[in-house]
Amino acid sequence: MVWASDQSLLVRELDDCLALFHALHQRRAPGVTDLSPARRSILIRFDARLTEHAAVEQWVRQASVSGVAPSPGRLIEIPVRYDGPDLADVATAAGLPVEQVIALHASTEYTAYFLGFAPGFAYLGDVPEAIAVPRRGTPRVAVPAGSVGIAGRQTGVYPARLPGGWNLIGSTDAMMFDEATGQTLVEPGDRVRFVPRAD
Amino acid sequence: MRIEVLSPGSLTTIRDLGQPGRTHLGISPGGAADSVALRLANRLVDNREDAPGLEMTLQGGRFRFGADAVIAVTGGEFDASVPLNTTVVVQGGFELRIAGTRTGVRCYLAVNGRLSGTVRRGEQLIMDSAATTAALRKATPYPYRKTLRVTPGADTDAFPDLAPLHQTEWTVSDHSNRQGIRLLGDLPIIGAPGGGVQPSEGVALGAIQVPPDGQPVILFVDSQTTGGYPVIANIASVDLPSVAQLRPRDRVRFEMISFAEARRLLLEQEAWIANAIR
């Protein structure tokens, strides 16, 4: 565990980040305000007026050995039109017909490993090796909200108009983040499927 | 009671102390950039410390009060038509004018009651259950600093040399906002681990990231919740209000302190806040 600031610590080199995230989530400790998982780490923010590093570390150690059964996560289906501007480039890079790229992307059940970058932006994996095309050399200044992209073994949906370098293969009307309610469609640990739609 | 927005200034918004507990959804806690200034303003008008107030940046604004009200303005040294850091009782029809700032970049207006609405020219802000009299008090002006205390950060041990961070006098870039404060220096920080890019991880408030160009960025209250640049150090929480008051072209230095010292200073600051109103 690394002390990342005077009010946070970072648990690194986790093999099963989501299991620890859920264990910590289920047994909150006094003064801990936020858990921020990434692919292999969790940043824990706390209020130093209420607790301190040593107490938080103790709590993490207890949760690590507690063996809480990992939650299977909800299954979320996201309808997608495979009409993205980079779909042909992805097919070329993968050496596959476009239909095959779509079939591979849509036939995989993804895990939402973590959210970051922007409210509601879920990093989903793992994209099948055959279509795991690296991000574009030059990022776009503005990617439209609802764009579905691939970057290596990760896929995701841009919840808002944002800059971005992912290969855009489709688009969705699903609301990934509702600013009015503060709700996100996907949470860490959820399972996600993309369902092709024709129109 | 209503407050008419005659002129909203440049970046005026309603802010409270933020909403933690959602970084796992990619949502930053947000809240007032200078939380100490908002807390003091609220205390001066007998609000809860976490009540929403107006955060103004670089340019204040003009506001007309529809009825008598109890107000206070804190934070940077703005030119205002009321004394700063003081409880003020204004009468119905009073026009509050807040212009530019001599030092600092943000000020906070608190009004007794519960504030809601949108800060836009011609709109009315609504104050529920507003008092019209109050004990008149003053707040000791907060001692904002240009030498910022830092602790080690997530990747400090991976940097071959911390000297450029300490020895450089950094200049605050024009491209600074609530997401991040960009710093420019003559000696970029070289040798960032991983060539300056690594897998995304959760980032702490006040993390000092070093992108490949070696010019550091302080991640601030509206920053992304994850980041992929190595973190050389982290602003000590006690100096986050001072970060909030940095203006473009200000010059700053960093001073490394221990975690124990950072905690001691934070608790000392809490005691200072408790005693700052007289």
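The following refers to the structure shown. (Residues numbered from 1 in each chain as written. Chains lettered and ligands numbered in written order. Predicted model: local features only at pLDDT ≥ 70, side-chain atom pairs only at ≥ 80, totals over all residues. Heavy atoms only, no water.)

Okay, the packing of helix α1 (residues 35–44) of chain B against helix α4 (residues 259–275) of chain B next. Residue and element names in this part refer to chain B. Two elements in contact, α1 and α4, have axes whose closest approach is 10 Å; the angle formed by their N-to-C orientations is 25 degrees. For the element pair α1 / α4, the angle class is roughly parallel. Where α1 crosses over α4, the handedness of that crossing is right-handed. Within the contact between the two elements, α1 uses Val36, Arg39, Leu40 and Arg43 and α4 uses Gln269, Glu270, Trp272, Ile273 and Ala274. Split into classes, the residues belonging to the contact of α1 with α4 amount to five nonpolar, one polar and three charged. (Axes fitted to C-alpha atoms, helices over the stretch in contact; angles between N-to-C directions. Helix = DSSP H or I, 4+ residues; strand = E, 2+ residues; numbered from the N terminus. Parallel < 35°, antiparallel > 145°, perpendicular 65-115°, else oblique. Left-handed = near helix turned anticlockwise from the far one by under 90°. Contact = heavy atoms within 4.5 Å. Nonpolar A, V, L, I, M, F, W, Y, C, P; charged D, E, K, R; others polar.)

Glancing now at the pairing of strand β8 (residues 95–101) of chain B. Summarising the sheet, strand β4 (residues 61–65) of chain B and β8 of chain B pair through four bridges and their orientation is antiparallel. The residue of β8 of chain B that forms the bridge with phenylalanine 63 of chain B is leucine 96 of chain B. (Pairing = 2+ DSSP bridges.)

This brings us to the packing of helix α3 (residues 87–94) of chain A against helix α4 (residues 98–106) of chain A. When two helices pack together, their arrangement is given by the angle between the helix axes and the distance between those axes. All names here are of chain A. Packing of α3 against α4 brings their axes to within 9 Å, and their N-to-C directions diverge by 95 degrees. As far as their axial angle goes, α4 and α3 are roughly perpendicular. Here Leu87, Ala88, Val90 and Ala91 of α3 lie close against α4, whose contacting residues are Val98, Val101 and Ile102. Grouping the amino acids of the contact of α3 with α4 by side-chain chemistry returns seven nonpolar, no polar and no charged.

Time to look at the sheet that holds strand β3 (residues 32–37) of chain A. Residues and elements named next belong to chain A. One open sheet holds the four strands; their spatial order is β1-β2-β4-β3, and the pairing between them is antiparallel. Of all the strands in the sheet, just β1 (2–5) and β3 have a single pairing partner and so form its edges. Strand-to-strand twist across the sheet, computed as the mean angle between neighbouring axes with direction ignored, equals 25 degrees. Bridge count between strand β2 (residues 8–11) and strand β4 (residues 42–46): four bridges; the pairing is antiparallel.

The omega torsion of the bond from glycine 125 of chain A to aspartate 126 of chain A falls at 0 degrees, within 30 degrees of zero and hence cis. Position of aspartate 126 of chain A among the secondary structure elements: in the loop between β7 (122–125) and β8 (140–143). Phi angles above zero are rare outside glycine, and glutamate 13 of chain A is one such case at about 55 degrees. Tracing the chain through its elements places glutamate 13 of chain A in the loop between β2 and α1 (17–26). Owing to a relative accessible area of 68%, glutamate 13 of chain A belongs among the exposed residues under this scheme. Its identity is not glycine, yet arginine 249 of chain B carries a phi of approximately 80 degrees, on the positive side. Of note, arginine 249 of chain B is situated in the loop between α3 (240–244) and β20 (251–256). A residue is classified by how much of its surface remains accessible, and arginine 249 of chain B, at 61% relative accessible area, is exposed. (Buried < 20%, exposed > 50% of the residue type's maximum accessible area, 1.4 Å probe, protein only.)

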